[in-house]
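# Close look at the chain arrangement
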Amino acid sequence: RVADMVVTPDTGRPYPQPTIERAMRETIHFAPSDRKSAKQQALLVIKALQASEAMPIERAHMRLRLLLPQAELGEARERLQALAPAGDASGRLQLGEAEAAEEREARDHAATASGSGSGGAEATPPPALSALPCSVDPSLYRPIAALVGELGGAVHVVALKAAGEAEEADFGLRAAPGLDPRDVSPAVP
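Our subject in this report is the structure included herewith.

### As for the overall build of the protein chain
- Across its full length, the protein chain carries seven helices and seven strands.
- The helix and strand sequence of the protein chain, counted from the amino end, reads α-β-α-α-β-β-α-β-β-α-β-α-β-α.
- Evaluated residue by residue, the protein chain yields a buried proportion of 33% over its 189 residues.
- Considering only residue pairs separated by 6 or more positions, the protein chain has 77% of its internal contacts joining residues 24 or more positions apart.
- Surface accessibility of the protein chain: about 11,300 Å² in total, with carbon and sulfur atoms responsible for 53%.

### Some points on the side chain of Gln41
- Here Gln41 is to be found in helix H3 (residues 38-52).
- Engagement of the side chain of Gln41 in a polar contact is seen with the backbone oxygen of Ser33, the distance being 2.7 Å.
- For Gln41, the contacting residues outside a window of four places in its chain are Phe30, Pro32, Ser33 and Lys36.

### Some words on the pairing of strand E3 (residues 61-69)
- Most of E3 sits inside the fold, with nine of its nine residues counted as buried.
- Burial of E3 is two-sided: the residues His61, Arg63, Arg65, Leu67 and Pro69 facing one way and the residues Met62, Leu64, Leu66 and Leu68 facing the other way are all buried.
- Strand direction decides the pairing type here: E3 and strand E6 (residues 129-136), joined by eight bridges, are antiparallel. What sits directly across from Arg63, in E6, is Ser135.

Conventions we followed
Residues numbered from 1 in each chain as written. Predicted model: local features only at pLDDT ≥ 70, side-chain atom pairs only at ≥ 80, totals over all residues. Heavy atoms only, no water. Helix = DSSP H or I, 4+ residues; strand = E, 2+ residues; numbered from the N terminus. Buried < 20%, exposed > 50% of the residue type's maximum accessible area, 1.4 Å probe, protein only. Contact = heavy atoms within 4.5 Å. Areas by Shrake-Rupley, 256 points an atom, 1.4 Å probe, with all protein chains shown as cover. Polar contact = N/O pair within 3.5 Å; in protein donor to acceptor, adjacent residues only side chain to side chain. Pairing = 2+ DSSP bridges.

Structure, rendered in structure tokens:
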């Protein structure tokens, strides 16, 4: 479970499971407990590995798409940036470029129209919404969800863990100049 929750800070790639297991045995001498959940123990192991400085390690970010009223977009950006101070070098919050939600829906619908065969009517967001992609530290999820709800928006979890710079480019956070990452199909492993 720990290997699913952490990445290397340099590359953003996940550590192999054996590397994490070895660090748990040799560095922090971790012994599993029946009294705590696997998630609680994994979070404790991550904190212990970070404190030991035996290996560079950080939590994998979540990818979110925030649907916000266009009128509230400026205020939302300011308040989101306040959640992760500018002096925070760990990059706990990265915001992408906002896009009108109806444009995204139209593009997604056009891409899936051939062969979808759903036959049912799809719900579309109100036309006054903007979709704001972001990559966040999981510890910021609840404050972000509360903020977005307060502003009359919604939070969509795109991925529980984000790994790798190539995937971030596909998500629109680090796009190559002149290239719209939404127009590029992601590579299939």
